[in-house]
Amino acid sequence: METTKTKLTITAKIKAPVEKVWKLWNTPEHIMHWNNASPDWHTPSATVDLRSGGKFTSRMEAKDGSMGFDFWGIYDTVKQHELIEYTMGDGRKVKNVFSGSGNETQLTSTFEAESENPVEMQQQGWQAILDNFKSYAEKHS
């Protein structure tokens, strides 16, 4: 019996052209600056092999060293400036859609929820990371 996974969607409208948003979203040096849901967390390392079959990793840690984890996955589909689909290490799927129009980009992420934490908490955490990205991208565009 196959169970249907809950899909959550987050979105942000970023005041930057899609080419710039794409670069900041996919470059390890930039990922380490924006990839956290709160100021007490950070991403000390990241790798990106942005192609179908390529792997990405982000080491996410509490700044006080109390906890950390590796977030990773394999890219399934990559269409430059348009779409990134990947499968996380635990098998859940994520779809990121980049819709550019002039100096604005709509970034929408849909992801399968995991079963250990409340759905609302997951939605808020992923949205917080996306909001942090939006702020970073608008400062660096």
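You'll find the structure just up there.
Computed from a predicted structure; not experimentally measured.

A. Up close: the sheet that holds strand 5 (residues 83-88). Pairing in this open sheet of 7 strands is antiparallel, and the strands run 1-7-6-5-4-3-2 from one edge to the other. At either end of the open sheet lies a strand with only one pairing partner, and these are strand 1 (7-14) and strand 2 (41-48). Adjacent strand axes in the sheet meet at a mean angle of 20°, parallel and antiparallel pairs treated alike. Bridging between strand 2 and strand 3 (residues 55-62) involves 6 bridges; their strand directions are antiparallel. Bridge assignment links A46 to a residue of strand 3, and that residue is S58. Along the sheet, helix 1 (residues 18-26) makes contact with strand 1, strand 2, strand 4 (68-79), strand 5, strand 6 (93-101) and strand 7 (104-112), crossing strand 6 at roughly 150°. The sheet strands contacting helix 3 (residues 119-139) are strand 1, strand 3, strand 4, strand 5, strand 6 and strand 7, and the helix crosses strand 1 at an angle near 20°.

B. Main features of the layout of surface pockets. In this structure, the largest pocket occupies an estimated 1100 Å³ of space. Secondary structure elements with two or more residues in the lining of the largest pocket: helix 1, helix 2 (28-34), strand 2, strand 3, strand 4, strand 5, strand 7 and helix 3. Considering every element that reaches the lining of the largest pocket, the biggest residue donor is helix 3, with 7 residues. Of the residues assigned to the lining of the largest pocket, the class counts are 22 nonpolar, 13 polar and 5 charged.

C. Main features of the pairing of strand 4. Relative to strand 4, strand 3 runs antiparallel, the two sharing 7 bridges. The residue bridging T57 from the neighbouring strand is W72, located in strand 4. Where strand 3 hands over to strand 4, the hairpin turn is made up of 5 residues, of which G65 adopts a positive phi near 80°. Relative to strand 5, strand 4 is paired through 6 bridges, and the arrangement is antiparallel. In the sheet register, T77 faces strand 5, and the bridge partner there is E85.

D. Structural view of the packing of aromatic side chains. Per the stated rule, a full pass over the model turns up 12 aromatic pairs. Aromatic pair W25 and W34: ring centres 4.9 Å apart, planes at 15°, arrangement stacked. For W25, a relative accessible area of 14% corresponds to the buried category. An aromatic cluster of at least three residues, connected via ring pairs, comprises F56, F71, Y75, Y86, F111 and W126. When the ring centre of W72 is taken as reference, the NZ or CZ atom of K55 above it lies at 4.8 Å.

E. View of the environment of G89. Assignment of secondary structure puts G89 in the loop between strand 5 and strand 6. Of the residues examined, G89 reaches a relative accessible area of 40% and is grouped as partly exposed. The contact partners of G89, leaving out residues within four places of it in the chain, are W72 and G73.

Parameters and conventions
- Residues numbered from 1 in each chain as written.
- Predicted model: local features only at pLDDT ≥ 70, side-chain atom pairs only at ≥ 80, totals over all residues.
- Heavy atoms only, no water.
- Pairing = 2+ DSSP bridges.
- Helix = DSSP H or I, 4+ residues; strand = E, 2+ residues; numbered from the N terminus.
- Axes fitted to C-alpha atoms, helices over the stretch in contact; angles between N-to-C directions.
- Contact = heavy atoms within 4.5 Å.
- 1 Å grid on protein atoms, 1.4 Å probe; cavity = no way out; pocket = protein on both sides within 12 Å on 5 of 7 lines; lining within 4 Å.
- Points joined across faces, edges and corners; volume = space filled by probe spheres on them.
- Nonpolar A, V, L, I, M, F, W, Y, C, P; charged D, E, K, R; others polar.
- Phe/Tyr/Trp six-rings, centres within 6.5 Å; stacked < 30°, edge-to-face > 60°.
- Buried < 20%, exposed > 50% of the residue type's maximum accessible area, 1.4 Å probe, protein only.
- Lys NZ or Arg CZ within 6 Å of the ring centre and 35° of its normal.

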